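Structural features, examined
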Amino acid sequence: MIFTNNWIKVSILSLLFWGMCILPSSLTPQAFALDYDKEILIEADFSDRDLTDSSFTKANLRDSNFSNSNLQGVRFFATNLESANLRNTNLRYATLDSARLVEADLTNAVLEGAFASNARFDGAIIDGADFTDVLLRKDEQDKLCKLAKGTNSTTGRNTRDTLYCP
């Protein structure tokens, strides 16, 4: 009888221990990657959101608002971001290849390590943007250097320096 009572106590303690280990991690809010591929989302509001690793491949996001959002690792491959508000966004390691960022507002955005080959930035606002280690075509880099000014408030880096402007 003593053996059975001890076994029950040990079983209960074991369940309590594992419950304490598992329960907190299941209650932690997590960002889930979302798929908006090929969606028409003109003037959509994604401001102040955590969209880490989400995909907007070939989506139409003209005039959309992403201000103050975490867009780390987001895929904007061949996406229309014309006149989009990307102020104060984290675009680290994002894919912007073939994206259309014409007249987009990238003020104080951090694009560190982003892949932006073939992206178009005509008329974009890049005051204080951080382009550290961003893969750009030489002609786009030259265009951006003509506009580059300011220092990023998050990284403390000068926009012209991150673009290797002469």
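Since the model is a prediction, treat every value here as computed from it, not as a measurement.

**Focus: the pattern of salt bridges**
Here the structure, examined in full by the defined rule, presents eleven salt bridges. For Asp139, the salt bridge identified is with Arg137, shortest N-O distance 2.7 Å. Of the residues examined, Asp139 reaches a relative accessible area of 36% and is grouped as partly exposed. Residue classification places Arg137 among the partly exposed positions, given a relative accessible area of 29%. For Lys138, the salt bridge goes to Asp142, with nearest N and O atoms at 2.9 Å. A residue pair is termed a helical-turn pair when its members lie 3 or 4 positions apart in one helix, as Lys138 and Asp142 do in helix H2 (residues 138-147) at four residues. Residue classification places Lys138 among the exposed positions, given a relative accessible area of 55%. Through salt bridges that share partners, Arg92, Glu112, Asp130 and Arg157 make up one connected network.

**Topic: the packing of aromatic side chains**
Following the criterion strictly, the structure yields eight aromatic pairs and no others. Measuring from centroid to centroid gives 5.2 Å for Phe56 and Phe76, while their planes differ by 20 degrees, and the two rings are stacked. You can see Phe56 sitting in the loop between helix H1 (2-27) and H2 and its partner Phe76 sitting in the loop between H1 and H2, a full 20 residues away along the chain. As far as the burial class goes, Phe56 and Phe76 line up, both buried. Look at Phe121 and Phe131: their rings are 6.1 Å apart centre to centre, the planes differ by 75 degrees, and that puts the pair in the edge-to-face class. Of the two residues, Phe121 sits in the loop between H1 and H2 while Phe131 sits in the loop between H1 and H2, which places them ten residues apart along the sequence. By relative accessible area, Phe121 is classed as buried at 2%. Classification of Phe131 as buried rests on a relative accessible area of 1%. Three or more aromatic residues link up through ring pairs in this structure, and these residues are Tyr36, Phe46, Phe56, Phe66 and Phe76.

What counts and what doesn't
Residues numbered from 1 in each chain as written. Predicted model: local features only at pLDDT ≥ 70, side-chain atom pairs only at ≥ 80, totals over all residues. Heavy atoms only, no water. Salt bridge = Lys/Arg side-chain N within 4 Å of Asp/Glu carboxyl O. Buried < 20%, exposed > 50% of the residue type's maximum accessible area, 1.4 Å probe, protein only. Helix = DSSP H or I, 4+ residues; strand = E, 2+ residues; numbered from the N terminus. Phe/Tyr/Trp six-rings, centres within 6.5 Å; stacked < 30°, edge-to-face > 60°.

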